[in-house]
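Okay, here's what each chain looks like letter by letter:
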Amino acid sequence: MDRRKFVLGASASLALAQAPVGALAAAAAPKKKGFLLNRIGPSASQIFIANADGSNERKLVDSGTLDYNASFSADGQWVVFTSERDGLGNSNIYRARVDGTGVERLTDSPAVDDAAVLSPDGTRVAFVSTRDGFRTNIWVLDLKTRALRNLTGVKGVQGRLDLPNGFFRPSWSPDGQWLAFSSDRNTEWKGHHDGAGWEHTQELSIYVIRADGTGFRQVATRPTYCLGSPKWSPDGKRIVFYETLSEYTYWVLRPDLLPKIDAQIVSVDVATGARVEHTTGPGMKVSPQYVSNDEIVYRRKGGPATGLYSTVGDKPAVKIDRLRTPAWSADGKLMVYEKFTWGGWKQNTPLYSWDPAYDYHYTDVWPAFSKDGMMVLTAKGQDSSVDIMKADGSGRKRIFDVTKDGGLDMTLVKRGLAGAFYPVWSPDGEWVVFGLGSWFTERGKGGAKLMRIRRDGTGLEALTDDRVFNAGFPSYSADGKEVVFRSWGKDPQGYDQIGLRIVNLETRQIRVLTKEYDNLPLWSPDGTRIMMTRGVKAQGEKWANFDIFTIRPDGTDLQRLTTTPASDGHAVWTNDGKQILWNSAIAGYRDEACMYDQTFQPYGQVFVMDADGGNKRQITDSVWEDSTPQYVPPGAR
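Residues numbered from 1 in each chain as written. Predicted model: local features only at pLDDT ≥ 70, side-chain atom pairs only at ≥ 80, totals over all residues. Heavy atoms only, no water.

Participant: Could you clarify how one ought to interpret the overall build of the chain in this entry?
Facilitator: Secondary structure assignment for the chain yields 4 helices and 50 strands. Rg of the C-alpha trace for the chain: 25 Å, near the compact-globule value of 26 Å for 637 residues, within the 12% margin. Dimensions along the principal axes, computed over C-alpha positions, put the chain at roughly 75 × 55 × 50 Å. Each of the 637 residues in the chain was classed as buried or not, and the buried ones make up 61%. Within the chain, residue pairs in contact and separated by at least 24 positions form 49% of the contacts whose partners lie at least 6 positions apart. Accessible surface computed for the chain: about 24,100 Å², of which carbon and sulfur atoms make up 49%. Taking the average location of the 78 positive side-chain charges in the chain and that of its 76 negative ones, the two points are 1 Å from each other. (Helix = DSSP H or I, 4+ residues; strand = E, 2+ residues; numbered from the N terminus. Rg over C-alpha atoms; globule rule 2.2 N^0.38 Å. Buried < 20%, exposed > 50% of the residue type's maximum accessible area, 1.4 Å probe, protein only. Contact = heavy atoms within 4.5 Å. Areas by Shrake-Rupley, 256 points an atom, 1.4 Å probe, with all protein chains shown as cover. Lys, Arg positive; Asp, Glu negative; His and termini not counted. Charge placed at Lys NZ, Arg CZ, Asp CG, Glu CD.)

See the structure below:
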């Protein structure tokens, strides 16, 4: 199947998760149009092999891009791994001999293919894929016949499609008859901090299924906990996994919170379900694996104790800088792992394109275009200053420098919690308005105000007073006379000042548009509507769901465009106002949350819909969080 003719299906509301894969029109436009997105993930990854004690490290393969999630064959002669060498964001399964030779591509799909493991006899490979309906399922590929089978995407295994329904990290039993894996099927879409937060947490249980698709059952679960990355004991009697609070699946993604949490390594008897906890004490422990029936090795991530450990005796920890997702050979003598680099990507780095009519490119956050095609964005990858440039990234110029003119706590700036955020153009293209101050978890602790500046960097002035409320995420009216923005109170909870406000640029008078939990307002190009993300409160619950709404500037005619139980947000109008790009969690996680680093919404994919909420379809399908999308206007390239 030609990857470039793959389409991410169309449906409405909750049916997005069920949309079948179809084919695009055969011929793409002669000249492709531009599409920008911000991908939150590593800029490089290389796979290494070393002795179990960390000695004799050598590079397995280096595609010059992203290679990750490697594992050994049972005989120790092969390594299977995921690679994005076919295009950044397009993950396929490869294998290579342990000396790095004989590299072979095993899958070729525009979907996510990841976390592969070879069967004990080497004839089949099990892996995770989103190729049927965008949710992760466990697939098995016969390496001789190339026959594919979706083991978990069938009735009786699938959970409710409006809830999380992913299947992750398969592991073969020693006799090749069974597969174990983790799944969040039939759990809730729940935010962190007991449901109050925007980002979701992940609750996983451990399941098994025969390789022929029969015998599906749950073997380990614990309410409000995440159980992940199962592996079989050599005798096939037990399955080991890590176990941590579901709340910690958000904490683990934040470098400041990671050292404060813990997980334990647990195993269960496959026949009886009897539990054994093999570790105690603090530390985030993941990636467990039996290297004998009596010894389990695992990784501890976060803090000074980061390293590889054993449950047997007083073996010293193995310390390898930047090591991630280790796997050991069956005899325990070798290990394979990757090293990620978080160096950041260059503006306009080419990405894999899921739509043949568009070229996808990387951008720093919140790109917006002026009427003459100049782009403005927050340089969050640097220091959250405001830069303008041409659509292709050339002619870049800094018009507001946070380090010189921001007056902010640079510690917060370096952590991405303060800066000059969400710059947008005035209709005439002469001004840029943005928020300056503290953001996200710091918004109730520090102020933020609206600022505007001319495109040449002169005329800086404040539009609001940060002593009154935290003001951010501004957008100009079509006539350039008003700016709508998000308000948040100075109280840590902020509920006394939540909602959207509109400031008149001539009188500086501020009027209330909404008093709900609203954010990210954006005026439509024709000025008739304001789009926003609203926290929707279920009766008796905390804020746990976010959807996209539009409203008239006078506060009438509220319309809800998305209704999924997963979070929807970060919406922007297309240049002509006929469509809306946005991010949604409805397609679910692509991996266990605990396997990610510094990626707070690893389930976020980009969607497009008509301005009235119709004709929804998904237009990215990567392992990573894809965010802040924007089409490049005609003539801007």
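Participant: I would appreciate a short explanation of the sheet that holds strand β18 (residues 217-220) in the present structure.
Facilitator: Neighbouring strands of a sheet are bound in pairs by backbone hydrogen bonds; such pairs are parallel or else antiparallel. The sheet built from 4 strands is open, its strands ordered β15-β16-β17-β18 with antiparallel pairing. Pairing within the sheet leaves two strands with one partner each, and these edge strands are β15 (167-172) and β18. Recorded for the sheet is a direction-independent mean angle of 35 degrees between the axes of neighbouring strands. For strand β17 (residues 205-210) and β18, the ladder comprises 3 bridges, and the chain directions are antiparallel. Residue Tyr-207 lies in a different strand from β18, and its bridge partner there is Gln-218. (Pairing = 2+ DSSP bridges. Axes fitted to C-alpha atoms, helices over the stretch in contact; angles between N-to-C directions.)

Participant: Where do I start with the sheet that holds strand β28 (residues 350-351) in this structure?
Facilitator: One open sheet holds the 4 strands; their spatial order is β28-β29-β4-β50, and the pairing between them is mixed. What marks the edges here is a single partner per strand, and that holds for β28 and β50 (625-631). Across 5 bridges, strand β4 (residues 33-40) lies against β50 in antiparallel orientation. Counted as the bridge partner of Phe-35 is Tyr-631 from β50.

Participant: Help me understand unusual backbone geometry, please; the structure alone is not making it clear to me.
Facilitator: Excluding glycine, residues mostly carry a negative phi; peptide bonds, for their part, are mostly trans. Positive phi, close to 60 degrees, is recorded for Asn-186, a residue that is not glycine. Residue class for Asn-186 comes out partly exposed when judged on its relative accessible area of 40%.

Participant: Hey, could you run me through the confidence of the model for the chain in this one?
Facilitator: In low-pLDDT regions, the fine details of the predicted coordinates are not to be read closely. Predicted confidence across the chain gives a mean pLDDT of 91, with 93% of residues reaching 70 or more. For the stretch residues 1-29, pLDDT sits under 50, and the model shows 78 contacts to residues farther than four places along the chain or on other chains. (pLDDT = per-residue confidence, 0-100.)

Participant: When you look at the packing of aromatic side chains in this model, what are you seeing that I'm missing?
Facilitator: Any pair of aromatic rings gets described here by the distance separating the centres and the angle formed by the planes. Scanning the entire structure with this criterion turns up 31 aromatic pairs. With 6.1 Å between their ring centres and 25 degrees between their planes, Phe-81 and Tyr-94 make a pair best called stacked. Taken together, the residues Phe-81 in strand β8 (residues 78-83) and Tyr-94 in strand β9 (residues 92-97) connect sequence positions 13 residues apart. Just as Phe-81 is buried, Tyr-94 falls in that class too. Taking 5.4 Å as the distance between ring centres and 70 degrees as the angle between the ring planes, the aromatic pair formed by Trp-345 and Tyr-362 counts as edge-to-face. Placement of Trp-345 in the loop between β27 (334-341) and β28 and of Tyr-362 in strand β29 (residues 358-362) is noted, with a sequence separation of 17 residues between them. (Phe/Tyr/Trp six-rings, centres within 6.5 Å; stacked < 30°, edge-to-face > 60°.)

Participant: I keep staring at the side chain of Ser-205 and nothing clicks. Help me out?
Facilitator: With respect to the secondary-structure elements, Ser-205 resides in strand β17. Discounting chain neighbours no more than four positions away, the residues touching Ser-205 are Phe-181, Ser-182, Ser-183, Gln-218, Ala-220, Thr-221 and Leu-227.

Participant: Which parts of the structure should I look at to understand the nonpolar core?
Facilitator: In globular proteins that are soluble, nonpolar side chains generally tend to be buried together. Phe-35, Tyr-242, Met-284, Tyr-360 and Ile-619 are the most contacted members of the largest nonpolar core, which has 81 residues in total. Ranked by the residues each element gives to this core, the list is headed by strand β48 (residues 605-610), at 4 residues. Excluding its chain neighbours within four sequence positions, the residues that come into contact with Tyr-360 are Phe-35, Leu-37, Thr-349, Pro-350, Leu-351, Tyr-352, Ser-353, Trp-354, Asp-355, Ile-619 and Thr-620. Listed in part, the 19 residues of the second largest apolar core include Ile-388, Ala-418, Val-432 and Phe-434. (Core = buried A, V, L, I, M, F, W, Y, C linked by side-chain atoms within 4.5 Å.)

Participant: Mind showing me how you'd approach the pairing of β9 here?
Facilitator: Two faces, one strand: in a regular strand the side chains alternate between the faces of the sheet. The buried fraction of β9 is high, at 5 of 6 residues. Of the strand pairs in this sheet, β8 and β9 are connected by 6 bridges, and their pairing is antiparallel. When the sheet's bridge partners are listed, Ser-83 is paired in β9 with Asn-92. Of the pairings in the sheet, the one linking β9 to strand β10 (residues 104-105) comprises 2 bridges and is antiparallel in character. Looking at the pairing, Arg-95 lines up with Glu-104 of β10. The turn joining β9 and β10, which pair antiparallel and follow one another in sequence, is formed by 6 residues; a positive phi near 90 degrees is taken by Gly-100.

Participant: Explain the state of the cysteines here, please?
Facilitator: Two cysteines, two sulfur atoms, one covalent bond between them: this is a disulfide. One pass over the full model with this rule turns up 0 disulfides. Considering cysteine sulfurs only, Cys-594 is the nearest to Cys-226, which forms no disulfide, with 4.7 Å between them. Look at Cys-226 and you get buried, because its relative accessible area is 0%. Looking at Cys-594, the relative accessible area reads 1%, which means it is buried. (Disulfide = S-S within 2.5 Å.)

Participant: I tried to follow the side chain of Ser-91 on my own but got confused; where do I start?
Facilitator: Residue placement: Ser-91 occurs in the loop between β8 and β9. With sequence-adjacent residues up to four places away left out, Ser-91 is seen in contact with Tyr-68, Thr-82, Ser-83, Glu-84, Ala-111, Val-112, Asp-113 and Val-623.

Participant: In this structure, what is going on with the pairing of β15? I would like to understand it.
Facilitator: Counted residue by residue, β15 has 6 buried out of 6 residues, so it is predominantly covered. Across 4 bridges, β15 lies against strand β16 (residues 178-183) in antiparallel orientation. The residue of β16 that forms the bridge with Ser-171 is Ala-180. The turn linking β15 back onto β16 is made up of 5 residues, and Gly-176 within it adopts a positive phi angle of 75 degrees.

Participant: Honestly, the pattern of salt bridges in this entry has me stumped. Any pointers?
Facilitator: Note that side chains of opposite charge can pair when their charged atoms are close. Inspection of every chain in the model, using the stated rule, returns 36 salt bridges. Linking Arg-85 and Asp-67 is a salt bridge whose minimum nitrogen-to-oxygen distance equals 3.6 Å. Separated by 18 residues along the polypeptide, Arg-85 in the loop between β8 and β9 and Asp-67 in strand β7 (residues 67-72) bring together distant segments of the chain. Taking the relative accessible area as the measure of exposure, Arg-85 reaches 31% and is therefore partly exposed. Salt-bridge contacts for Asp-256 lead to Arg-254; the nearest nitrogen and oxygen are separated by 2.7 Å. (Salt bridge = Lys/Arg side-chain N within 4 Å of Asp/Glu carboxyl O.)

Participant: Help me understand the environment of Leu-308, please; the structure alone is not making it clear to me.
Facilitator: Take Leu-308: it is sitting in strand β25 (residues 307-310). Overall, Leu-308 belongs to the buried group, its relative accessible area being 6%. Linking Leu-308 and Phe-546, residues 238 residues apart in sequence, is a C-alpha distance of 39 Å. Residues within four places of Leu-308 in sequence aside, it is in contact with Tyr-298, Arg-299, Pro-316, Ala-317, Val-318, Leu-323, Pro-326, Trp-328 and Met-335.

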